[in-house]
There are 2 protein chains.
Amino acid sequence: MADINVGLFGLGVVGEGIVKVISNAKNANAEIKRICVKDSSKKRNVELKPGMITQQREDIFNDPEINLIVEVINDPDAAYEIVSEALKKGLSVVSGSKTMIARHLPELIELQRKHGASLLYDASSCGSIPVIRNLEEYYDNDLLLEVKGILNGSSNFILSRVFDHNENYENALQTAIDLGFAETDPSFDIEGFDSLYKLIIITVHALGVYVKPSDIFTYGITHISDFDINFAKEKRVKIKLVAQVVKISESRFTMFVMPEFVPKSRYIYSVDDEYNGVVIRGECYDRQFMFGKGAGSLPTASSILSDVVAHHHGYKYGYKKMGYKDTPVYTTDVLLKVYVRFSDTPIPDLLPFHSILERYSSQTLNYVVGEIKLKDLIECDKILRNPDVFVINIPRFFEDN
Amino acid sequence: MADINVGLFGLGVVGEGIVKVISNAKNANAEIKRICVKDSSKKRNVELKPGMITQQREDIFNDPEINLIVEVINDPDAAYEIVSEALKKGLSVVSGSKTMIARHLPELIELQRKHGASLLYDASSCGSIPVIRNLEEYYDNDLLLEVKGILNGSSNFILSRVFDHNENYENALQTAIDLGFAETDPSFDIEGFDSLYKLIIITVHALGVYVKPSDIFTYGITHISDFDINFAKEKRVKIKLVAQVVKISESRFTMFVMPEFVPKSRYIYSVDDEYNGVVIRGECYDRQFMFGKGAGSLPTASSILSDVVAHHHGYKYGYKKMGYKDTPVYTTDVLLKVYVRFSDTPIPDLLPFHSILERYSSQTLNYVVGEIKLKDLIECDKILRNPDVFVINIPRFFEDN
């Protein structure tokens, strides 16, 4: 019998990848014992031993031979039920459910502490790129200043089609869905929520602070127009959907997800198609860049395998930074420089700009470039979601280039 | 008193960086207690408490409060003496001495096992990029196929000056030395030995196999000429000094360090100046890319700090892959495609090419492009070091592009 007997929840694209990867990993000493699915009559694309599939959670939880739960289901509420039940029973879990983890991380940390079981979830953020474990272990010191990156493959794929292949936004979105680069609900990706949840998890391991999803400005790419794309092309920059957490002083940090103008000199400029790229900036090492496939069946499954093996070697997240003296405090009281394009919505009257640096108007479209506080963007969130409005961050370095 | 009381060996560029970084790391709970140097009268660029410096190793080894040795000296023989003495006393060590580690890794692993002390050396390979720890822990499975990269900052800096700034080789070398990008002896970098030692360490953690330095083909950039550079520019590729370890089948792998033609489509094409970049290729995740500052005082010191903190949390390298069933076997019986430029040395007569694909001759310079076994390159090593000869690897993908 294998050392690790896995009870798997979920047999979608990622679940099937896990079955393939684990059965081929001859040195992992792991085996999938039972798989719990929503619909056991569905046809599967992997070979399974008879009787492996069940619709009853108890068939997994009551099997004394199963010593590790792997959870990769799409429904965050059901995932939370399963993962908390496992942890309460002292069973350790490897999970890929970013939404569930980002929403419930404080409770999940508490459950791990109370019941001595562990929860690993490197696959939840940037698929095969080992961001979480490196932030927890390797960048486990006071030098870290910023983590910034393209965390969502499908929105990035769409933006790449638009920029490099001159496709229009609607076609690009359809291609992404057709090729399987978009998640179940495309709005989850293109509205920035996928990036947001990953950013929340990253921030816990980067700075030791948990921030609730509802407290973070999250603005996707749904309203992007040809006008914005041409504007960016004229300036020789790309528009990317960027998630970032940045220390703005010794004691404060900010975080948000929004489109950003990215000049060629930046590492993330070259992160195209369905790829993810993360820049880790620190006091001594300047910028480090990690790049790879962020999603997809096998890349995510390979990351799950890494966590399965790490668990077997006794690895747990220490959440060490949460215990540091003077963990920095989250603030939205920071000045951003933004481009806001609009037609009917009277943006300059409605948004409390600190200063307006540029104005452009024509018979159809207008834009302003101005400085505004992040907290005021959050206040005006509803206005920014009018269909004629689109906001793009202009990071400070943009001025220097 | 701090939890970690460090005895530091070496106060060169990296040693001084370590003093700065550790004294600023408020959550690391580490303190440097004593520093052993070769010449205690030398002026230092960091502030030190009186009495910290000594020339006597025993002042560190006999201090009962010191519970961790950090070793960053330049002399590999002295480094080996110090590190083995420490391990034998049960004292754990963090080291940055790649030459020493690459030469003595089997003995050092044995000493760790025998005496229960641990040796961490992530700083020895690619400075601030966490390559070793990720190979050991995260890519700890059967999926890994290849690790390939630019591991030496100074030779890469020189090649960047030559390619992007049209400097000649001699000027570029001098600039590298002037800016401090070259190590004590520049031949160590430009002849490929720095890359070789890093590659040996990487291979132990990537595939679980130790290969002696003398068994590995190592060919630097000393003989590069304007002719080679123009040849590369005409083909729109760069010449980079590349170190690689590649699985060529389930049971066999090869490794070598040599200049390579790199087309624009490859990640390492954009690794310029003093930067390092490593591509990790695996069965499920395709290619992942890690990029950052590979050397320098503070980047290396930040990596040392990561190891110091990891040691404090009980981390040790498990050398797990060395215990895997069917670890792959090192072979040099593989066919490479190479470009060999020459003037007087009759290369086509002397080298046992499997096939010659292209020939060029002129009144001054000639080249051939041919297929040859790696073991025959090793056999003909002396010929290849004639001053009129220069060899460049043409990786298989080069044909595809």
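Residues numbered from 1 in each chain as written. Chains lettered and ligands numbered in written order. Predicted model: local features only at pLDDT ≥ 70, side-chain atom pairs only at ≥ 80, totals over all residues. Heavy atoms only, no water.

This brings us to the interface of chain A and chain B. The interface is formed by 45 residues belonging to chain A together with 45 residues belonging to chain B. Interface area for chain A against chain B, summed over the two sides, is near 3800 Å², with a carbon-plus-sulfur share of 50%. Area buried by chain A at its contact with chain B is led by Lys 26, Asn 27 and Tyr 138 of chain A, which between them contribute 19% of it. Across the chain A-chain B interface, the total number found is 4 salt bridges. (Contact = heavy atoms within 4.5 Å. Buried area = accessible area lost by both parts, 1.4 Å probe. Salt bridge = Lys/Arg side-chain N within 4 Å of Asp/Glu carboxyl O.)

Our focus in this paragraph is the pairing of strand β15 (residues 355-361) of chain B. All names here are of chain B. The pairing of β15 with strand β16 (residues 366-373) spans 6 bridges and is antiparallel. Across the sheet, the residue bridging to Arg 359 is Val 368, located in β16. In textbook terms, the turn of a hairpin is the stretch between consecutive antiparallel strands, and for β15 and β16 this stretch comprises 4 residues. (Pairing = 2+ DSSP bridges. Helix = DSSP H or I, 4+ residues; strand = E, 2+ residues; numbered from the N terminus.)

Moving on, we get to the packing of helix α3 (residues 76-88) of chain B against helix α4 (residues 98-115) of chain B. Residue and element names in this part refer to chain B. Running from N to C, α3 and α4 cross one another at 10°; their axes reach a closest spacing of 10 Å. Regarding the angle of α3 to α4, the classification is roughly parallel. Side by side, α3 and α4 meet where Pro 76, Asp 77, Ala 79, Tyr 80, Val 83, Ser 84, Leu 87 and Lys 88 of the first sit next to Thr 99, Met 100, Arg 103, His 104, Glu 107, Leu 108, Leu 111, Gln 112 and His 115 of the second. (Axes fitted to C-alpha atoms, helices over the stretch in contact; angles between N-to-C directions. Parallel < 35°, antiparallel > 145°, perpendicular 65-115°, else oblique.)

Attention now moves to the relation of the copies chain A and chain B. Between chain A and chain B, which share one sequence, the superposing operator has a rotation angle of 180° and an axial displacement of 0.0 Å; the RMSD is 0.0 Å. Look at the turn and shift together and you get a two-fold axis relating the two. When C-alpha distances to the rotation axis are compared across chain A, the minimum falls at Met 290 of chain A, with a value of 2.4 Å. A share of 100% of interface residues in chain A that are also interface residues in chain B marks the association as one of identical surfaces. (Least-squares fit on C-alpha atoms with pLDDT ≥ 70 in both.)

Let's shift gears to the nonpolar core. Ranked by size, the top nonpolar core spans 272 residues in total, and within it Leu 8 of chain A together with Leu 8 of chain B carry the most contacts. Among residues more than four places away in sequence, those in contact with Leu 8 of chain B are Gly 15, Ile 18, Val 19, Ile 32, Arg 34, Ile 35, Cys 36, Ile 60, Val 70 and Val 72 of chain B. (Core = buried A, V, L, I, M, F, W, Y, C linked by side-chain atoms within 4.5 Å. Buried < 20%, exposed > 50% of the residue type's maximum accessible area, 1.4 Å probe, protein only.)

For the rest of this paragraph, the subject is the environment of Gly 127 of chain B. Locating Gly 127 of chain B in the fold gives a position in the loop between β6 (119-120) and α5 (131-138). Residue classification places Gly 127 of chain B among the buried residues on the basis of a relative accessible area of 1%. Gly 127 of chain B sits 24 residues away from Leu 151 of chain B along the chain, and the two C-alpha atoms are 9.3 Å apart. Excluding its chain neighbours within four sequence positions, the residues that come into contact with Gly 127 of chain B are Tyr 138 of chain A together with Asp 122, Lys 293, Gly 294, Pro 299, Thr 300 and Ser 303 of chain B.

The strands that make up a sheet pair up through hydrogen bonds in the backbone, lying either parallel or antiparallel. Residues and elements named next belong to chain B. Strand order in the open sheet formed by 6 strands is β3-β2-β1-β4-β5-β6, with parallel pairing between adjacent strands. Of all strands in the sheet, those with a lone pairing partner are β3 (53-54) and β6, marking the two edges. Relative to β3, strand β2 (residues 30-36) runs parallel, the two sharing 2 bridges. By the bridge assignment, Cys 36 is partnered in β3 with Thr 54.

Here we take up a positive patch on the surface. On the surface, Arg 236 and Lys 264 of chain A together with Arg 236 and Lys 264 of chain B cluster together into a positively charged patch. Along the chain, Lys 264 of chain A falls in the loop between β10 (252-263) and β11 (275-282). (Patch = residues over 30% accessible without salt bridge, like charges linked within 9 Å, V, L, I, M, F, W, Y side chains within 5 Å. Areas by Shrake-Rupley, 256 points an atom, 1.4 Å probe, with all protein chains shown as cover. Lys, Arg positive; Asp, Glu negative; His and termini not counted. Charge placed at Lys NZ, Arg CZ, Asp CG, Glu CD.)

The next thing to look at is helix α6 (residues 153-164) of chain B. Here α6 of chain B contains 12 residues, and its C-alpha end-to-end distance of 16 Å stays within 8% of the 16 Å for a straight helix at 1.5 Å per residue. Listed as buried for α6 of chain B are Gly 153, Ser 154, Ser 155, Asn 156, Phe 157, Ile 158, Leu 159, Ser 160, Val 162 and Phe 163 of chain B. (Expected span 1.5 Å × (residues − 1).)

In this section: the pairing of strand β16 (residues 366-373) of chain A. Residue and element names in this part refer to chain A. For β16, the tally of buried residues reaches 6 of 8 residues, placing the bulk of the element in the interior. Where strand β14 (residues 335-342) lies against β16, 8 bridges are found, and the strand directions are antiparallel. Counted as the bridge partner of Tyr 339 is Val 369 from β16.

Moving on, we get to the environment of Asn 67 of chain B. Residue and element names in this part refer to chain B. Within the secondary structure, Asn 67 sits in the loop between α2 (57-61) and β4 (68-71). Classification of Asn 67 as partly exposed rests on a relative accessible area of 34%. Between the alpha carbons of Asn 67 and Leu 305 there is a distance of 15 Å; along the sequence they are 238 residues apart. If we skip the residues at most four places from it in the chain, Asn 67 touches Asp 3, Ile 4, Asn 5, Leu 91 and His 311. A polar side-chain atom of Asn 67 sits 2.8 Å from the main-chain amide nitrogen of Asn 5. (Polar contact = N/O pair within 3.5 Å; in protein donor to acceptor, adjacent residues only side chain to side chain.)

Right, let's talk about the sheet that holds strand β4 (residues 68-71) of chain A for a bit. All names here are of chain A. If you trace the 6 strands from one edge of the open sheet to the other, you get β3-β2-β1-β4-β5-β6, paired in parallel fashion. For this open sheet the edge positions go to β3 (53-54) and β6 (119-120), each flanked by a neighbour on one side alone. In the sheet, β4 pairs with strand β5 (residues 93-95) via 3 bridges, with the strands oriented parallel. Residue pairing for β5: Glu 71 is matched across the bridge by Ser 95.

Here the focus is the pattern of salt bridges. All names here are of chain B. Under the definition given, this model contains 46 salt bridges over all chains. Measuring nitrogen to oxygen at the nearest pair gives 3.1 Å for the salt bridge that ties Lys 320 to Glu 137. Here the residue Lys 320 occupies a position in the loop between α11 (297-312) and β13 (329-330), and Glu 137 occupies one in helix α5, the gap between them amounting to 183 residues. Just as Lys 320 is buried, Glu 137 falls in that class too. Between Lys 238 and Asp 272 there is a salt bridge, and its shortest N-O distance comes to 3.1 Å. Of this pair, Lys 238 sits in strand β9 (residues 237-247) while Asp 272 sits in the loop between β10 (252-263) and β11 (275-282); the two residues are 34 residues apart in sequence, bridging distant segments of the chain.

What follows deals with the confidence of the model for chain A. Across chain A, the average pLDDT comes to 93, with 98% of residues at or above 70. For this predicted complex, the interface confidence reaches an ipTM of 0.88, while the overall pTM sits at 0.93. (pLDDT = per-residue confidence, 0-100.)

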